[in-house]
Amino acid sequence: MRMVMIAAPGAGKGTQASRIATHFGIPHIATGSLLRSHVERDTRLGRTVRGYMDRGTLVPDRIVLRMVRRALTEAKAAGVGYVLDGYPRTPAQAGSVYQVAAELEMTADVALHLEIDDEEAVRRMLSRSAAEHRTDDTESVIRRRLALYHEVTRPVLDWYAERRILLCVDGMAPVDAVTARVLELLEVVEATPPVDRAPKIPLPALV
Ligand code: ADP
């Protein structure tokens, strides 16, 4: 199973991605968590990215893409698939990850989209902030992340739809119900020969 997850902040991407990874025995590559770990360890990279994250803006792509490239290369070496959570977040990133994955013969079989409305996303992130103390889970930063999602991330869905690998699931349902639905759909994908689900189409102009 090789998949990318596209969803608004607060949609439950991280939770579902981790369950999917466990179910299929594949690595969960979460760009936000990788970046946060650098911030927490106060590495040089962490000091570079902290401001972007605290403001709810995107970290420069050369930094994130390097992490993604390394993680995909490790998955390839281990002979496994992956769940990529948090990347791509822009049409340009969709192009970059496609190229990196194509070089490794590891392009995604599935792009999973969890649909959720903005008010529910805000509600969930505010309740999470009490438990997790994420510095980017304040209401103004949450609103900025959501706006950025609508402006630059959502358009990526059209491209995956064109590639015929987009799956959409209702993210408003209770978390276990979402997992059940997602795994049901992914089992169908697993059972389908790759040639049927990932037709080779040229990469459209994305930026
Ligand atoms: P959420 O989906 O709730 O916004 P993430 O943990 O996925 O949370 O991301 C947190 C932050 O990490 C983002 O607001 C951004 O600053 C940074 N980040 C994560 N992924 C990327 C990416 N692909 N490109 C640029 N910045 C990213």
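Heads up: the structure comes first, above all this text.
Please read all numbers here as calculations on a predicted model, not as lab measurements.

Draft legend 1. Quick look at the site of the ligand. Around the ligand, the surrounding shell holds 19 residues, and the nearest of these are T31, T57, G86, Q93 and R145. A distance of 2.9 Å is found between an oxygen atom of the ligand and a side-chain nitrogen or oxygen belonging to K13. One of the side-chain nitrogen or oxygen atoms of R145 is found 2.7 Å away from an oxygen atom of the ligand. In isolation the ligand offers 550 Å² of accessible surface; the protein chains occlude 95% of this area. Comparing atom positions with the cavity grids shows the ligand to sit within the largest pocket. Examining the composition of the shell around the ligand, we find that four residues originate from one element, helix α2 (residues 31–41), more than from any other. Split into classes, the residues belonging to the shell around the ligand amount to seven nonpolar, five polar and seven charged.

Draft legend 2. Quick peek at the sheet that holds strand β3 (residues 82–85). Spatially, β2-β3-β1-β4-β5 is the arrangement adopted by the five strands of the open sheet, whose pairing is parallel. Only two strands of the sheet have a single neighbouring strand rather than two, namely β2 (28–30) and β5 (166–170). In this sheet, neighbouring strand axes are inclined to one another by 20 degrees on average, regardless of whether the strands run parallel or antiparallel.

Draft legend 3. Region of interest: the packing of aromatic side chains. With the rule as written, the count across this model stands at two aromatic pairs. Residues Y98 and W159 carry aromatic rings whose centres are separated by 5.6 Å and whose planes lie at 80 degrees to one another, so their mutual orientation is edge-to-face. Pair noted here: Y98 is in helix α5 (residues 91–103) and W159 is in helix α8 (residues 156–162), with a separation of 61 residues, a long-range link. Taken as a pair, Y98 and W159 share a single burial class, namely buried. Note on W159 and Y160: the rings are 5.1 Å apart at their centroids and 55 degrees apart in plane angle, and the pair reads as tilted.

Draft legend 4. Summary view of the nonpolar core. If you look at the biggest cluster of nonpolar residues, it comprises 64 residues, and the most contacted ones within it are I20 and Y160. Of all the elements, helix α4 (residues 61–78) adds the most residues to this core, at eight residues. If near-sequence neighbours (up to four positions away) are discounted, I20 is found in contact with M3, M5, I26, V83, L112, V182, L183 and L186.

Draft legend 5. Spatial organisation of empty space enclosed by the protein. Tallying each qualifying case throughout the model produces one cavity of 30 Å³ or more. In this structure, the largest cavity occupies an estimated 60 Å³ of space. Along the walls of the largest cavity sit V4, Y82, L84, A94, V97, Y98, A101, T107, A108, W159, Y160 and R163, which together make up its complete lining. For the lining of the largest cavity, the secondary-structure elements that each account for two or more residues are β3, α5 and α8. Considering each element in turn, the lining of the largest cavity owes the most residues, four residues, to α5. For the lining of the largest cavity, the per-class residue count stands at ten nonpolar, one polar and one charged.

Draft legend 6. Expanded view of unusual backbone geometry. In this structure, P88 follows Y87 across a cis peptide bond, with omega equal to 5 degrees. Note that P88 resides in the loop between β3 and α5. Located in the positive-phi region is D42, a residue other than glycine, with phi close to 55 degrees. Structurally, D42 is set in the loop between α2 and α3 (44–55). One non-glycine residue, E105, lies in positive phi territory at about 55 degrees. Residue class for E105 comes out exposed when judged on its relative accessible area of 62%.

Rules behind the numbers
- Residue numbering note: each chain is counted from 1, following its sequence as written.
- Only residues with pLDDT of at least 70 are given local features in this predicted model, and only at 80 or more are side-chain atom pairs given and counted; all residues enter the totals for whole chains, interfaces and linings.
- To obtain the side-chain values, all non-hydrogen atoms of the structure were included, while hydrogens and water were left out.
- A single heavy atom is enough: if one lies within 4 Å of a molecule or strand, its residue is considered near that molecule or strand.
- Two N or O atoms count as a polar contact when they lie within 3.5 Å, although within protein this holds only if one can serve as hydrogen donor and the other as acceptor, and sequence-adjacent residues are included solely when both atoms are side-chain atoms.
- The accessible surface values rely on the Shrake-Rupley method and a 1.4 Å probe; as for residues, cover is taken only from the protein chains in view.
- Cavity and pocket criteria rest on a 1 Å grid covering protein atoms alone: a 1.4 Å probe that fits but cannot get out defines a cavity, protein on both sides within 12 Å along at least 5 of 7 lines defines an open pocket, and an atom within 4 Å of a point defines a lining residue.
- For a molecule to be placed in a cavity or pocket, more than half of its atoms must lie within 2 Å of the grid points of that cavity or pocket.
- Numbering goes from the N terminus for both helices and strands, where a helix is a DSSP run of H or I of at least four residues and a strand is a run of E of at least two.
- Gly is placed with the polar residues, together with every amino acid not listed as nonpolar (Ala, Val, Leu, Ile, Met, Phe, Trp, Tyr, Cys and Pro) or charged (Asp, Glu, Lys and Arg).
- Here, any two strands with at least 2 DSSP bridges between them count as paired.
- To get an axis, fit a line to the C-alpha atoms, keeping to the stretch in contact for a helix; angles then go from 0 to 180 degrees between the N-to-C directions.
- In this analysis, rings of Phe, Tyr and Trp, with Trp reduced to its six-membered ring, are considered paired at centre separations within 6.5 Å, and the interplanar angle assigns stacked below 30 degrees, edge-to-face beyond 60, and tilted for intermediate values.
- Buried means the residue's accessible area, taken with a 1.4 Å probe over protein chains only, is under 20% of the maximum for its type, while exposed means over 50%, and partly exposed covers the values in between.
- We define a nonpolar core as any set of buried Ala, Val, Leu, Ile, Met, Phe, Trp, Tyr and Cys residues linked to one another through side-chain atoms lying within 4.5 Å.
- Here a residue-residue contact requires only that any non-hydrogen atoms of the pair lie within 4.5 Å.
- Grid points are joined across faces, edges and corners, and a volume is the space filled by probe spheres set on the points.

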